[in-house]
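Analysis of the macromolecular model
So the chains spell out like this:
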Amino acid sequence: MGKKRIMVPVKEIDLSTVVYKPEVLQAPHVTGIGFKFFVKILELPVIGSLIISFLKKENNMNEILRNTEIPEAPMFKPEFPPQELEHGVVVVDEDGKPEDRVEEALKCLPNYDPAGYLNGDSTPFRYWKIRDYAHAYRTKLVTPSMVAENIISVIEEFNKRKPPTPLLISFDKEEVRKQAAASTQRFEEGNPLSILDGIFMAIKDDIDCYPHPSKGGTTWMHEVRSVEKDAVCVSRLRSCGVIFVGKANMHELGMGTTGNNSNYGTTRNPHAMDRYTGGSSSGPAAIVASGLCSAALGTDGGGSVRIPSSLCGVVGLKSTYGRTDMGGSLCGCGTVEVIGPIASSVEDVMLVYSAMLGSSPEDRISIKPSPPCLPSLSSYENMDILGSLRLGKYTTWFNDVHSTDISNACEDILNLLLKTHGCQIEEIVIPELEEMRLAHVVSIGSEVLCSLNHDLNDGKGARLTYDTRTSVALFQSFSAADYVAAQCIRRRLMYHFMEIFKKVDVIVTPTTGMTAPIIPPTALKYGETDMQVTAYLMRFVISANLLGLPAISIPVGYDKQGLPIGLQLIGRPWGEATLLRLASAVEELHGKPKKQPASFYDVLKTK
């Protein structure tokens, strides 16, 4: 045993001495049949434990968790200091009707102008927005039932592909037709429930959406857990008239960043079918990027909404921990995960978010959330507020990417914000990033394992995919003392970030450190483990999960291979309105026409 490492009390750290250390993970990349044998060895009682111990030692896990004295007390779930109300916002009633909140959100948006898009004019590629669908329905260009038939035909085509590349794990075309017929009738009678009426959405397979089972991407979860009703957020969206197409594919149990799923088939990236979507909300992001649905719901415990949104060129929002009710999801008892919307535009994310927000009764007592707010994007005050924003950038971290295409695209948009709106860019320093990464994996791993223990002891572990079993083997090596140490680190990191937010309003980073990785053909049957890819994909996202902060990913361009690049904005606790305001400005400034994905379907078909 080496000498004990003693951390300086967090308030005494001299930031001028902090040196950024590029993340280097020591772990083998294994795929195909070799991966299958690797997992079998990893699960052997003695040899497996020795392999895990060796890998943990090589990656400084035990040094940080077990050979370090951490002076701070543990923080077992995010605890936020009181926050001031944001400027230029509309406060919405989280206890009111979801459709009323959506109406408030609609008033916050700039005036809608179809601008010929729905009238056959030739224009550059763009995604249809929610307001486009609503306009088409109200002017009787199409009906929800007509759109439903278009979507059904595409889904059935996907389900016949070899090898399987499913977007949905659970799909019932008659259920979709039933919902669409009810919406069509409401429009015929002139009584749509909200701007979301007739809008098609997919729900990630770990969120309950009755009557579909929730399998979490496994082959067995529905056998031990039945679905009797909608999750809270799904129920709120249903009351607004949303049509649910089914349960979207995902990385099994959310334990991966690529979206690989050998149980049902791996969803492909619409921009390049030989590439991953990112995970674990692979299906939701791909469905939106393909044009099939205006929006989708995913879950985000380690970037699982933002990573696939970035890799697929769409927008993904992770709200503050406790802002939305997690009831009716497989991850409802965790402290790092939230349900978040994915859409092709910021305004569509804002409309969906306004319907689903609302804290659970338990979180209102323990976290005391600030009132939910939406930015008034249609007011003259909006420009002045944008100009007053201070953006924090940790340059050495920001530039630690696989390709400079990523950092350059993100840097370009920051320069445009500076030039156009006068936003200030402030250099910041974030200490203890290595400790943060480890605290996150111990936290999410321990929480996942706690929810699975009974099923694993009951023999279900052998029915998991090989990459999930690899994660389980690692998680089972963590002790209760490791978990407590991780929560002490969480408190230190919360202090660092709250100090940063005294100086800046938003922290800016690339969303991911690489664009969509190639799918090895050998990974389709048995999966793969590639911690280098995982490190690049998760590099910038996990602080928002460990600390419960809001964050959003917005597309800002493409690399030399034509693959999407995302910019991430991380905000103060309860600062969703500021993120949505700034994200909308980024979206507008980017300006360049989006590239139509290689796999894209115009299901509105008004031309």
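Here's a quick rundown of the structure. Worth saying up front: this structure is predicted, and the values here are computed from it rather than measured.

Across its full length, the protein holds 23 helices and 19 strands. Relative to the 2.2 N^0.38 estimate, which gives 25 Å for 607 residues, the radius of gyration of the protein is 23 Å and therefore close to what a compact globule would have. Among the 607 residues that make up the protein, the fraction classed as buried is 62%. Here the protein has roughly 22,900 Å² of accessible surface; of this, 54% comes from carbon and sulfur atoms. Here the protein contributes 62 positively and 70 negatively charged side chains, and the mean placements of these two sets differ by 3 Å.

Turning our attention to the packing of aromatic side chains. Under the defined criterion, the tally for this structure stands at 14 aromatic pairs. Taken together, a centroid distance of 6.2 Å and an interplanar angle of 20° make the contact between Phe-76 and Tyr-483 stacked. Pair noted here: Phe-76 is in the loop between β3 (68–69) and β4 (89–91) and Tyr-483 is in helix α19 (residues 480–500), with a separation of 407 residues, a long-range link. Three or more aromatic residues joined by ring pairs form one cluster here, namely Tyr-20, Tyr-394, Trp-397 and Phe-540. Seen from the ring of Phe-158, Arg-161 lies directly overhead, with NZ or CZ sitting 3.9 Å from the centre.

Judged from the four bridges that link them, strand β14 (residues 390–393) and strand β15 (residues 424–427) form a sheet pairing that is parallel. Paired with Lys-393 across the strands is Glu-427, a residue of β15. Direction of pairing for β14 relative to strand β16 (residues 506–510): parallel, over a ladder of two bridges. Directly across from Gly-392, in β16, lies its bridge partner Ile-507.

So, on to the packing of helix α16 (residues 404–421) against helix α23 (residues 576–590). Interhelical geometry of α16 versus α23 gives an angle of 100° and a closest axis separation of 10 Å. With respect to α23, the element α16 is oriented roughly perpendicular. For the pair formed by α16 and α23, the contact residues are Ile-413, Leu-416, Leu-417, Thr-420 and His-421 on the first element and Leu-582, Ala-585, Val-586, Leu-589 and His-590 on the second. Of the residues in the contact of α16 with α23, the class split is seven nonpolar, three polar and no charged.

This part is about helix α4 (residues 98–108). Of all the residues in α4, the buried ones are Pro-98, Arg-101, Val-102, Ala-105 and Cys-108. For α4, the angular spread of buried residues about the axis comes to 110°, placing them on one side. Structurally, α4 contributes buried residues whose contacts are with β4, α9 (232–238), α12 (346–356) and β13 (373–375).

Moving on to the side chain of Thr-218. Considering the arrangement of structural elements, one finds Thr-218 in the loop between β6 (200–204) and α8 (221–224). A relative accessible area of 0% places Thr-218 in the buried class. Within the structure, the side chain of Thr-218 is placed 2.7 Å from the backbone oxygen of Lys-215, a separation counted as a polar contact. Not counting residues up to four positions away in its chain, the partners in contact with Thr-218 are Glu-252, Leu-253, Asn-263, Tyr-264 and Leu-464.

Glancing now at the environment of Asp-325. Along the chain, Asp-325 turns up in the loop between β11 (315–318) and β12 (338–343). On the basis of relative accessibility, which here comes to 12%, the residue Asp-325 falls in the buried class. As a C-alpha pair, Asp-325 and Arg-225 span 100 residues in sequence and 19 Å in three-dimensional space. For Asp-325, the residues in contact, after removing those within four places along its chain, are Val-232, Arg-236, Ile-339, Gly-358, Ser-360 and Pro-361. Only 2.8 Å separates the side chain of Asp-325 from the backbone nitrogen of Gly-327, close enough to count as a polar contact.

Another point: unusual backbone geometry. Between Lys-162 and the following residue, Pro-163, the backbone shows a cis peptide bond with an omega angle of -5°. Structurally, the position occupied by Pro-163 is in the loop between α6 (144–159) and β5 (168–170). In this chain, Gly-279 is followed by Ser-280 through a cis amide linkage whose omega measures 10°. The backbone phi angle of Lys-368 is positive, close to 55°, even though this residue is not glycine. With respect to the secondary-structure elements, Lys-368 resides in the loop between α13 (361–366) and β13. At Glu-432, a position not held by glycine, the phi torsion is positive, near 60°. Topologically, Glu-432 is positioned in the loop between β15 and α17 (433–457).

This next bit is on a nonpolar patch on the surface. Where nonpolar side chains cluster on the molecular surface, the patch consists of Ile-41, Leu-44, Val-46, Ile-47 and Leu-50 and spans about 450 Å² of accessible area. The topology assignment puts Val-46 in the loop between α1 (32–42) and α2 (47–58). Under the relative-accessibility criterion, Val-46 is labelled exposed at 59%.

Here eleven strands make up an open sheet; going across it, the order is β5-β7-β6-β10-β12-β11-β18-β19-β16-β14-β15 and the pairing mixed. Both edges of this open sheet fall to β5 and β15, since each of them pairs with a single strand only. Each strand axis lies, on average, 35° off the axis of its neighbour in the sheet, ignoring direction. Helix-sheet contacts for α12 involve β6, β10 (295–300), β11, β12 and β18 (551–558), and the interaxial angle to β12 is about 145°.

Regarding α1, the residues found buried are Gly-32, Phe-35, Phe-38, Val-39 and Leu-42. Taken end-on, α1 shows its buried residues confined to a sector of 95°, consistent with a single buried face. Considering only its buried residues, α1 is in contact with β2 (30–31), α2, α18 (466–475), α20 (523–526) and β17 (528–529).

Turning our eyes to something else, we now look at the nonpolar core. Core analysis: the biggest nonpolar cluster contains 171 residues, and Leu-196, Phe-200, Leu-297, Phe-497 and Leu-569 have the highest contact counts within it. Setting aside residues no more than four positions away along its own chain, Phe-497 makes contact with Ile-430, Met-436, Ile-507, Ser-543, Leu-547 and Leu-549. Judged by nonpolar contacts, the second largest core, of nine residues, contains Val-39, Tyr-466, Ala-473 and Tyr-526.

This next bit is on the state of the cysteines. What we call a disulfide is simply a covalent bond connecting the sulfur atoms of a pair of cysteines. Applying the stated criterion across every chain, the model contains zero disulfides. Looking at Cys-209, it has no disulfide partner, and the nearest cysteine sulfur is the one in Cys-233, 9.3 Å off. We note that Cys-410 lacks a disulfide partner, and the nearest cysteine sulfur, in Cys-423, lies 15 Å from it. Assessed through its relative accessible area of 0%, Cys-410 is described here as buried.

On to the pattern of salt bridges. A complete count under the given rule lists 34 salt bridges for this structure. Put simply, Lys-4 and Glu-69 hold a salt bridge, and the shortest N to O gap is 3.6 Å. With Lys-4 in the segment before β1 (5–6) and Glu-69 in strand β3, this residue pair connects regions lying 65 residues apart in the sequence. Across the pair Asp-363 and Lys-77 runs a salt bridge whose closest N-O atoms are separated by 3.7 Å. A residue pair is termed long-range when its members are at least 10 positions apart, and Asp-363 in helix α13 and Lys-77 in the loop between β3 and β4 qualify at 286 residues. What emerges from the salt-bridge pattern is a single network uniting Glu-23, Asp-400, Arg-437 and Arg-539.

Rules used throughout
The residue count restarts for each chain, going from 1 along the sequence in the order it is written. Predicted model: local features are reported for residues with pLDDT of at least 70 only, side-chain atom pairs are reported and counted for 80 or more only, and whole-chain, interface and lining totals are derived from all residues. Water and hydrogen atoms were dropped before computing side-chain values, which therefore reflect all heavy atoms in the structure. Runs of E in the DSSP output that reach at least two residues are strands. Runs of H or I that reach at least four are helices, and both are numbered from the N terminus. We take the radius of gyration over the C-alpha atoms and set the globule estimate at 2.2 Å times the residue count to the 0.38 power. Throughout this description, buried means an accessible area under 20% of the type-specific maximum (1.4 Å probe, protein chains only), exposed means over 50%, and partly exposed covers the range between. Only the protein chains shown count as cover for residues, with accessible areas throughout obtained via the Shrake-Rupley method and a probe of 1.4 Å. His residues and chain termini do not enter the charge count, which takes Lys and Arg as positive and Asp and Glu as negative. To locate a charge, the coordinates of NZ of Lys, CZ of Arg, CG of Asp or CD of Glu are taken. Whether two aromatic rings pair depends on their centres lying within 6.5 Å, for rings of Phe, Tyr and Trp, where Trp uses its six-membered ring; planes under 30 degrees apart make the pair stacked, over 60 edge-to-face, and the rest tilted. By definition, being over a ring means that NZ of Lys or CZ of Arg is both within 6 Å of the ring centre and within 35 degrees of the ring normal. Any two strands with at least two DSSP bridges between them are considered paired. To obtain an axis, a line is fitted to C-alpha atoms, over the contacting stretch when the element is a helix, and the angle between two such axes runs from 0 to 180 degrees between their N-to-C directions. By definition in this entry, angles of less than 35 degrees are roughly parallel, angles greater than 145 are roughly antiparallel, angles of 65 to 115 are roughly perpendicular, and the rest are oblique. Should any heavy atoms of two residues lie within 4.5 Å, those residues are considered in contact. Three residue categories are used. Nonpolar comprises Ala, Val, Leu, Ile, Met, Phe, Trp, Tyr, Cys and Pro, charged comprises Asp, Glu, Lys and Arg, and polar comprises the others, including Gly. Each direction from the helix axis to a C-beta atom contributes to the arc, which is the arc of those directions. Whenever a nitrogen or oxygen atom comes within 3.5 Å of another N or O atom, the pair is scored as a polar contact, on the condition that within protein one atom can donate a hydrogen and the other can accept it, and that pairs from neighbouring residues in sequence are kept only if both atoms are in side chains. Patch members must show over 30% relative accessible area and no salt bridge, and they are joined within 9 Å when carrying like charges or within 5 Å when they are nonpolar side chains of Val, Leu, Ile, Met, Phe, Trp or Tyr. Take a side-chain nitrogen of Lys or Arg and a carboxyl oxygen of Asp or Glu: if they are within 4 Å of each other, that pair is a salt bridge. Here, the term nonpolar core denotes a set of buried Ala, Val, Leu, Ile, Met, Phe, Trp, Tyr and Cys residues that are joined through side-chain atoms within 4.5 Å. Throughout, disulfides are identified as pairs of cysteine sulfur atoms within 2.5 Å of each other.

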